[in-house]
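Residue-level listing of the chains:
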Amino acid sequence: MTDRRLGRTKVRVSPLGFGAAPIGNLYTPLDEHQALATVDAAWDAGVRYYDTAPHYGLGLSERRLGAALAHRPRAEFTISTKVGRLLEPHPAPTGSDLAAGGFAVPDTLVRRPDYSRDGVLRSLEGSLTRLDLDRVDIVYVHDPDDHLDAAVTEALPALAALRDQGVIGAIGVGMNAVAPLLRVVAEADVDAVMVAGRWTLVDRTARPLLDACGERGVSVVAAAPFNSGLLSRPRPPDDAFFDYGPAPEAILLRARRLAEVCALHGTSLPHAAVRFPLRDPVVAGVVAGFRSPAEVTSAARWVADDLPEAAWRDLAAVAG
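Calculation rules
- Residues numbered from 1 in each chain as written.
- Predicted model: local features only at pLDDT ≥ 70, side-chain atom pairs only at ≥ 80, totals over all residues.
- Heavy atoms only, no water.
- Salt bridge = Lys/Arg side-chain N within 4 Å of Asp/Glu carboxyl O.
- Helix = DSSP H or I, 4+ residues; strand = E, 2+ residues; numbered from the N terminus.
- Buried < 20%, exposed > 50% of the residue type's maximum accessible area, 1.4 Å probe, protein only.
- Pairing = 2+ DSSP bridges.
- Axes fitted to C-alpha atoms, helices over the stretch in contact; angles between N-to-C directions.
- Contact = heavy atoms within 4.5 Å.
- 1 Å grid on protein atoms, 1.4 Å probe; cavity = no way out; pocket = protein on both sides within 12 Å on 5 of 7 lines; lining within 4 Å.
- Points joined across faces, edges and corners; volume = space filled by probe spheres on them.
- Nonpolar A, V, L, I, M, F, W, Y, C, P; charged D, E, K, R; others polar.

K.L.:
Please explain the pattern of salt bridges as it appears in this structure.
P.N.:
Oppositely charged side chains are able to pair whenever their charged atoms sit close together. Taken as a whole and assessed by the stated rule, the structure comprises 26 salt bridges. Across the salt bridge formed by Glu62 and Arg130, the nearest N and O atoms sit 2.5 Å from each other. Of the two residues, Glu62 is situated in helix H2 (residues 60–69) and Arg130 in helix H4 (residues 117–131); the sequence distance between them amounts to 68 residues. On the basis of relative accessibility, which here comes to 21%, the residue Arg130 falls in the partly exposed class. In this structure, Asp243 engages Arg198 in a salt bridge whose closest nitrogen and oxygen atoms are separated by 3.7 Å. With Asp243 in the loop between strand S12 (241–242) and strand S13 (245–246) and Arg198 in the loop between strand S10 (192–196) and helix H7 (207–216), this residue pair connects regions lying 45 residues apart in the sequence.

This is the structure we're talking about:
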């Protein structure tokens, strides 16, 4: 896989990025051996971009990712983490983070929002410790939906200073919503934005964001290409999820029509889903979460194998 440059920086990412939330026990436990084997499979498939965050498993994702990459040449991979949620001792643990955070880990820690300069520095220091690295390549401000002013006026300037000092290579913001990312691109000095679930085969609402990024030389990293699993199977089942909840009937029917088009062209829905975001030149990479070696190996194969133009035309007609 040929890597791509992020914005105007020297940082490069592979077209397929490894989303490390699942190895932080997202929703269900994943044993240590399978977590490490999944990262190894990604490396063997040519993946060189790995994305994590303190939020994922209350630091478990960062620790596992750091351990899995410890024996790899540091100059050969790009890693991103996030700031905005400090991990602190939980004053009243319940035993599990599932209800509060969605991760099957003990809730001995709690996330505290902090988008200040000091919070950014503390968060990054903690991430480096968990990753066992002396630097990360990309830092995103994580989901500042309710803290957008602080993200734009405090967190991002702090990260920009670190970037300008050469401490990190690129900075950005990662969110699910398009409107606040448009504000970030308009007002802040960012190299990339990570948009989750809004530039996919079935949800293309990030089109204005891609246009704005293209005008300003900002790269887009398209995360969650399978829309919470809706597009991860050849035919979406009745109980498919979309955007972290049960798929609405209209969305489910559209996804099934897309699946039928894929079948007519001799391909599959997940193949088209993971390949779609990369068709736009402003998209530097697509990041998906993986729980097994088989999942990541299949995705890498799909990214390397484009669909015929006739298939894309027919898919576009269904997607609207």
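K.L.:
Mind showing me how you'd approach the sheet that holds strand S4 (residues 49–51) here?
P.N.:
Backbone-to-backbone hydrogen bonds pair the strands of a sheet. The strands run either parallel or antiparallel. Around the barrel, 8 strands lie side by side as S3-S4-S5-S8-S9-S10-S11-S14; this closed barrel has parallel pairing. Pairwise comparison of adjacent strand axes, ignoring direction, gives a mean angle of 25° for this sheet. Packing against the sheet, helix H10 (residues 293–304) makes contact with strand S3 (16–19) and strand S14 (283–289), and its axis sits at approximately 160° to S3.

K.L.:
Explanation requested: the layout of surface pockets in the structure shown.
P.N.:
Here the idea is plain: a probe the size of a water molecule rolls over the atoms and shows the empty space left. The calculated volume of the largest pocket comes to roughly 1400 Å³. Contributing elements (two or more residues each) for the lining of the largest pocket: strand S9 (170–175), S10, S14 and H10. For the lining of the largest pocket, a count of residues per class yields 24 nonpolar, 14 polar and 10 charged. A volume near 160 Å³ is recorded for the second largest pocket. If you trace the second largest pocket, you find 14 residues lining it, with Asp3, Arg12, Glu76, Phe77 and Thr78 closest to the centre. Tallied by class, the residues present in the lining of the second largest pocket amount to 4 nonpolar, 3 polar and 7 charged.

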